[in-house]
Amino acid sequence: MKKIVFAIIVIAAAVWYFDISRKMTETSIRASYQAQIEALQRFDAKPLCDALDDSYQTTVTARGSARAPNAKDKASACAELTRTLRRMKTLSERTGGLLEPDYDFEIKSIQLADDRKTATVEIASTMRIGDMTLARSRSVEHLIRRLGRIRSVQSEETVWAYQPE
């Protein structure tokens, strides 16, 4: 009897690990992005870095700049994100919240694979301080889900940064 119960537990765990924990829905993807926006608003880079797979690669193209597209892996993307959020938090604290960024994002499309284990998401986002737009971006994210967590494995992003007048 103990062997049968153990076998059922092992089978259930295997089904969860290899199938159920790797499937995504549009709702789970939207919730994941909402959690990322909330982390940005808290200036918390850890959940944002945790949402990147160990094999993460990104290419960022800055429009209006003479710089060539910038490629990053998870470590360099997280280091830059941590540094940027730390600076924004300092700016917000020193101005009593007057210069706190506001983020807006719109998911343009979600394409789930037939097995729902991978997805491609197109996103448009905007960062503002007050009425002033600082940057806009368009990105295409390639997602997977491992151990119940949605992670980005690849991203291609185009950013437009604006100079205040």
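Everything below is about the structure shown above.
Within each chain, residue numbers correspond to sequence positions counted from 1 in written order. Only residues with pLDDT of at least 70 get local features here, since the model is predicted, and only at 80 or more are side-chain atom pairs given and counted; chain-wide, interface and lining totals rely on the full set of residues. The basis for every side-chain value is the complete set of heavy atoms in the structure, and neither hydrogens nor water enter the calculation.

1. Some points on the overall build of the chain
When you go through the chain residue by residue, the secondary structure sums to 4 helices and 6 strands. The way it works is that DSSP assigns letters per residue, a run of H or I at least four long becomes a helix, a run of E at least two long becomes a strand, and they are numbered from the N terminus. Element order for the chain, N to C, with α for helix and β for strand: α-α-α-β-β-α-β-β-β-β. In this scheme, a residue with accessible area under 20% of its type's maximum is buried, one over 50% is exposed, and one in between is partly exposed, where area comes from a 1.4 Å probe on protein chains only. Across the 165 residues of the chain, 30% fall into the buried class. Taking as baseline every contact in the chain between residues at least 6 positions apart, the subset at least 24 positions apart corresponds to 54%. For the chain, the accessible area works out to roughly 10700 Å², and carbon and sulfur atoms hold 54% of it. In what follows, a contact means two residues having at least one pair of non-hydrogen atoms within 4.5 Å. Here the open area of atoms and residues is found with the Shrake-Rupley method and a 1.4 Å probe, where only the protein chains shown may cover a residue.

2. A few points about the sheet that holds strand β5 (residues 132-146)
Strand pairing requires that DSSP identify at least two bridges connecting the strands. Ordered in space as β2-β1-β6-β5-β4-β3, the 6 strands form an open sheet in which the pairing is mixed. Sheet topology places β2 (70-73) and β3 (102-112) at the edges, where each strand pairs with a single neighbour. This sheet shows a mean twist of 20 degrees between the axes of neighbouring strands, independent of strand direction. Sheet topology places β5 next to strand β6 (residues 149-161); 12 bridges connect them, and they run antiparallel. Note on β6: the bridge partner recorded for Ser-139 is Glu-157. All axes are obtained by fitting lines to C-alpha atoms, using only the stretch in contact for helices, and the reported angles, taken between N-to-C directions, cover 0 to 180 degrees. Set on the sheet, helix α2 (residues 26-41) makes contact with β3, β4 (118-129), β5 and β6; between it and β3 the angle comes to about 160 degrees.

3. Things to note about the nonpolar core
Most often, soluble globular proteins have nonpolar side chains that are buried together. Note on terminology: a nonpolar core comprises buried Ala, Val, Leu, Ile, Met, Phe, Trp, Tyr and Cys residues joined through side-chain atoms within 4.5 Å. Counting 12 residues, the largest nonpolar core consists of Ile-37, Ala-39, Leu-40, Phe-43, Ala-45, Leu-48, Leu-85, Met-88, Tyr-103, Met-127, Ile-129 and Leu-134. Contributing elements (two or more residues each) for this core: α2, α3 (45-50), α4 (74-94) and β4. At 3 residues, α2 tops the list of elements feeding residues into this core. Judged by nonpolar contacts, the second largest core, of 10 residues, contains Ile-29, Tyr-33, Ile-123 and Leu-143.

4. Side note on the side chain of Ser-155
Looking at the element boundaries, Ser-155 is found in strand β6. With a relative accessible area of 2%, Ser-155 lands in the buried category. Those residues within four positions of Ser-155 in sequence are excluded, and the remaining contacts are Tyr-56, Gln-57, Thr-58, Thr-59, Ser-139, Val-140 and Glu-141.

5. Considering unusual backbone geometry
Here the phi dihedral of Phe-43 falls at roughly 60 degrees; this positive angle occurs in a residue that is not glycine. Tracing the chain through its elements places Phe-43 in the loop between α2 and α3. Here the phi dihedral of Arg-116 falls at roughly 60 degrees; this positive angle occurs in a residue that is not glycine. With respect to the helices, strands and loops of the structure, Arg-116 is situated in the loop between β3 and β4.

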